[in-house]
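Below are the chains, spelled out letter by letter.
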Amino acid sequence: MLGEAEPHWLSEEVKTGTTIIAIEFNGGVVLGSDSRVSAGASVVNRVMNKLSPLHDKIYCALSGSAADAQTIAEMVNYQLDVHSMEIGEDPQVRSAANLVRNISYKYKEELSAHLIVAGWDRRAGGQVFATLNGLLTRQPFAVGGSGSSYVYGFVDAEYRKGMSKEDCQQFVVNTLSLAMNRDGSSGGVAYLVSIDEHCTEEKVILGNDLPTFFDQ
Amino acid sequence: MALSTVLETPGAGFNFDNAARNAALEGLFEGGQTPKPLKTGTTIAGVVFKDGVVLGADTRATSSEVVADKMCAKIHYISPNIYCCGAGTAADTEKTTDLLSSNLTIFSLNSGRNPRVVMAVNILQDMLYRYHGQIGANLILGGVDCTGNHLYTVGPYGDVDKVPYLAMGSGDLAALGILEDGFKHDLELEKAKELVRAAIHAGIMSDLGSGNNIDICVITRQGVDYIRPYQESVYKDDRKMKYKYRPGTTAVLTEKVVPLKLEVVQETVQKMETA
């Protein structure tokens, strides 16, 4: 009668079917993410902040398996702390991205998470790195997660060089809103983190404050 | 000599120790049905309120379609200020929470203070991640410490979420509906208890794997109130465990008394030192 009493989503791996984006501007970076965590068809957490701090001015955006991504972020946070104490100054964004890349590459078969690393440092200003599957590449902007497929056209068409911080924030919010509307695994609220030389600012944009497009 | 003063630092990397054993055990059954682990098809919920945390759980443990335990305790003690509800495989939740509780007791004895909820969560996350989902434990941890009132959930693969209200188990969708509708920040104690009770009740009504009574555990700075059961099911079990009857219930027809003659064979006296 009951058979397997437990619904399959309880033993299924929890994924952050996601939209994440990071973009560099002159003097810093802006990171954005949605907030939906799903296990199969069930939403486990509708307010998860997928932008995780690795250091004061370096953040990473999580996607893929929730457990794997959280664990990688925590490991790199610890390794960066040690590293920055050893060199006696704030770490470079490239170092953080390298640490993430090393873990992703070494455990490529076992892990299924993609982290986008972005931040600001003294030497090279704002930088965005993609670390998918163990590669390391610096890009002016990067999108990731299941929702990113729906917005590649938008970001490619709308990105311009030399945008200001406010333009970048608007760009990120528009991208997230479009992706969240089309991707079933993305949704909830939008989290934004803006990092520059002077401050690191975290912001939440609630669902009904997101920009709307033609069909809403 | 074994050192009992240190928290066990687990080995690094993934742990697939039991995978070979499991495969060998399955081989023993030669394609037949392997015994299914006892799962607590469950509804558990937690809510952070003004003065602390309220945890709630149903009390049914099922083994496929049979109710194995009608009064199962799903709210486990971790430390004087932290309790944990467990859903999933019953043995896994029991053992995991026991292990956590022992380790945190050692920590408390060493440091002279109650552990923080975030410490318990980190230890759990480390352990569950290392076993890569093979430990089927879905846990809701709630507690009060010097930094405030906290509620966390840890999944079997080791993912952690920190939220003000939660439900887990097979009845979680029904319970979550009630929580989403009724939750407000800084609820009063009675409202919070009623909200959790209603959430578990919804799980019991809508899910076959949840049922029987409702347990509630209230944790505040002042202490813990573990109310078991908070609400009893109307379908009570009247079977008594002891069957002791009054002399005379069965009619006595004849009585025969035979005195036993005892003979003293040997007598020794041993003085006891009671100084």
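Residues numbered from 1 in each chain as written. Chains lettered and ligands numbered in written order. Predicted model: local features only at pLDDT ≥ 70, side-chain atom pairs only at ≥ 80, totals over all residues. Heavy atoms only, no water.

- Per an unreviewed UniProt entry, chain B goes by the name Proteasome subunit beta and belongs to Ataeniobius toweri.
- Checking UniProt for chain B, the heading Catalytic activity (unreviewed entry) contains the comment "Cleavage of peptide bonds with very broad specificity."
- Here chain B is described in UniProt, under the heading Subunit (unreviewed entry), as follows: "Component of the proteasome complex." (UniProt positions renumbered as here; feature names shortened; annotations may be inferred.)

- In the annotation of an unreviewed UniProt entry, the entry for chain A reads Proteasome subunit beta, and the organism field reads Ataeniobius toweri.
- Checking UniProt for chain A, the heading Catalytic activity (unreviewed entry) contains the comment "Cleavage of peptide bonds with very broad specificity."
- Its UniProt record, at the heading Subunit (unreviewed entry), says of chain A: "Component of the proteasome complex."

### Describing the overall build of chain B
Thinking step 1. Looking only at helices and strands, one finds five helices and 13 strands in chain B.
Thinking step 2. For 275 residues, the compact-globule formula gives about 19 Å, and the C-alpha radius of gyration of chain B, at 25 Å, lies well above that figure.
Thinking step 3. Each charge class in chain B was averaged separately, 27 positive and 32 negative side chains, and the resulting centres sit 6 Å apart. (Helix = DSSP H or I, 4+ residues; strand = E, 2+ residues; numbered from the N terminus. Rg over C-alpha atoms; globule rule 2.2 N^0.38 Å. Lys, Arg positive; Asp, Glu negative; His and termini not counted. Charge placed at Lys NZ, Arg CZ, Asp CG, Glu CD.)

### Structural notes on the overall build of chain A
Thinking step 1. Looking only at helices and strands, one finds five helices and 13 strands in chain A.
Thinking step 2. Taking 17 Å as the expected radius of gyration for a compact globule of 216 residues, we find that chain A reaches 17 Å, a close match to that expectation.
Thinking step 3. C-alpha atoms of chain A, sized along the principal axes, occupy 65 × 45 × 25 Å.
Thinking step 4. Of the contacts made within chain A by residues no fewer than 6 positions apart, 65% connect residues no fewer than 24 positions apart.
Thinking step 5. Taken together, the 17 basic and 27 acidic charged side chains of chain A have centroids lying 5 Å from each other. (Contact = heavy atoms within 4.5 Å.)

### Focus on the side chain of Ser101(B)
Thinking step 1. Residue placement: Ser101(B) occurs in helix H2 (residues 90–111).
Thinking step 2. For Ser101(B), the residues in contact, after removing those within four places along its chain, are Tyr77(B) and Ile78(B).

### Quick look at a nonpolar patch on the surface
Residues and elements named next belong to chain B.
Thinking step 1. A surface patch of nonpolar side chains, amounting to about 290 Å² of accessible area, comprises Leu-25, Leu-28 and Phe-29.
Thinking step 2. If you trace the backbone, Phe-29 turns up in the loop between helix H1 (17–28) and strand S1 (39–40).
Thinking step 3. Look at Phe-29 and you get partly exposed, because its relative accessible area is 37%. (Patch = residues over 30% accessible without salt bridge, like charges linked within 9 Å, V, L, I, M, F, W, Y side chains within 5 Å. Areas by Shrake-Rupley, 256 points an atom, 1.4 Å probe, with all protein chains shown as cover. Salt bridge = Lys/Arg side-chain N within 4 Å of Asp/Glu carboxyl O. Buried < 20%, exposed > 50% of the residue type's maximum accessible area, 1.4 Å probe, protein only.)

### Here's the deal with the sheet that holds strand S12 (residues 214–220) of chain B
Hydrogen bonds between backbone groups are what pair the strands of a sheet, and the pairing can be parallel or antiparallel.
Residues and elements named next belong to chain B.
Thinking step 1. Taken together, five strands build an open sheet; the order of strands is S11-S2-S3-S12-S13 and the sheet is antiparallel. For this open sheet the edge positions go to strand S11 (165–168) and strand S13 (223–231), each flanked by a neighbour on one side alone. When strand polarity is set aside, the average angle formed by the axes of neighbouring strands in this sheet is 10°.
Thinking step 2. Sheet topology note: the strand S2 (residues 44–49)/S11 ladder contains four bridges and is antiparallel. From the neighbouring strand, Ala-45 faces S11, where its bridge partner is Ala-167.
Thinking step 3. Taken strand by strand, helix H4 (residues 172–182) contacts S2 and S11, and its axis lies near 165° from that of S11. (Pairing = 2+ DSSP bridges. Axes fitted to C-alpha atoms, helices over the stretch in contact; angles between N-to-C directions.)

### Points about the sheet that holds strand S2 (residues 20–25) of chain A
All names here are of chain A.
Thinking step 1. Overall, antiparallel pairing links the five strands, which are arranged S11-S2-S3-S12-S13 in an open sheet. A strand with exactly one partner marks an edge of an open sheet, and here the two such strands are strand S11 (141–144) and strand S13 (200–205). The average angle at which neighbouring strand axes cross in this sheet is 10°, direction not considered.
Thinking step 2. Bridge analysis of strand S3 (residues 28–33) against strand S12 (residues 190–196) gives six bridges, and the strand direction is antiparallel. Directly across from Ser-33, in S12, lies its bridge partner Tyr-191.

### Focus on H4(B)
Thinking step 1. Among the residues making up H4(B), those that are buried are Asp172(B), Ala175(B), Leu176(B) and Leu179(B). Relative to the axis of H4(B), the buried residues are bounded by an arc of 100° and lie together on one face. (Arc of directions from axis to C-beta.)

### Some words on unusual backbone geometry
Residue and element names in this part refer to chain B.
Thinking step 1. In this structure, Pro-229 follows Arg-228 across a cis peptide bond, with omega equal to 0°.
Thinking step 2. Mapped onto the elements, Pro-229 comes out in strand S13.
Thinking step 3. Within the chain, Asp-186 stands out as a residue other than glycine whose phi angle is a positive 55°.
Thinking step 4. Within the secondary structure, Asp-186 is located in the loop between H4 and helix H5 (189–206).
Thinking step 5. In this structure, Asn-212 takes a positive phi of about 65° despite not being glycine.
Thinking step 6. Secondary-structure assignment places Asn-212 in the loop between H5 and S12.
Thinking step 7. The class for Asn-212 is buried, based on a relative accessible area of 18%.

### Structural notes on the UniProt feature "domain: Proteasome beta subunit C-terminal" (unreviewed entry) in chain B
Thinking step 1. Using the residue numbers shown here, the UniProt feature "domain: Proteasome beta subunit C-terminal" (unreviewed entry) corresponds to residues 239–269 of chain B.
Thinking step 2. The span residues 239–269 of chain B is 0% helical and 0% strand by assignment, and the distance between its end C-alpha atoms comes to 50 Å.

### Notes on the environment of Met205(B)
Thinking step 1. With respect to the secondary-structure elements, Met205(B) resides in helix H5.
Thinking step 2. Placed 112 residues apart in sequence, Met205(B) and Thr93(B) show a C-alpha to C-alpha distance of 24 Å.

### Some words on the packing of aromatic side chains
Thinking step 1. In the structure shown here, the tally under the stated rule is seven aromatic pairs over all chains.
Thinking step 2. Over the face of the ring belonging to Tyr152(B) we find Lys162(B), whose NZ or CZ atom lies 5.3 Å from the ring centre. (Phe/Tyr/Trp six-rings, centres within 6.5 Å; stacked < 30°, edge-to-face > 60°. Lys NZ or Arg CZ within 6 Å of the ring centre and 35° of its normal.)

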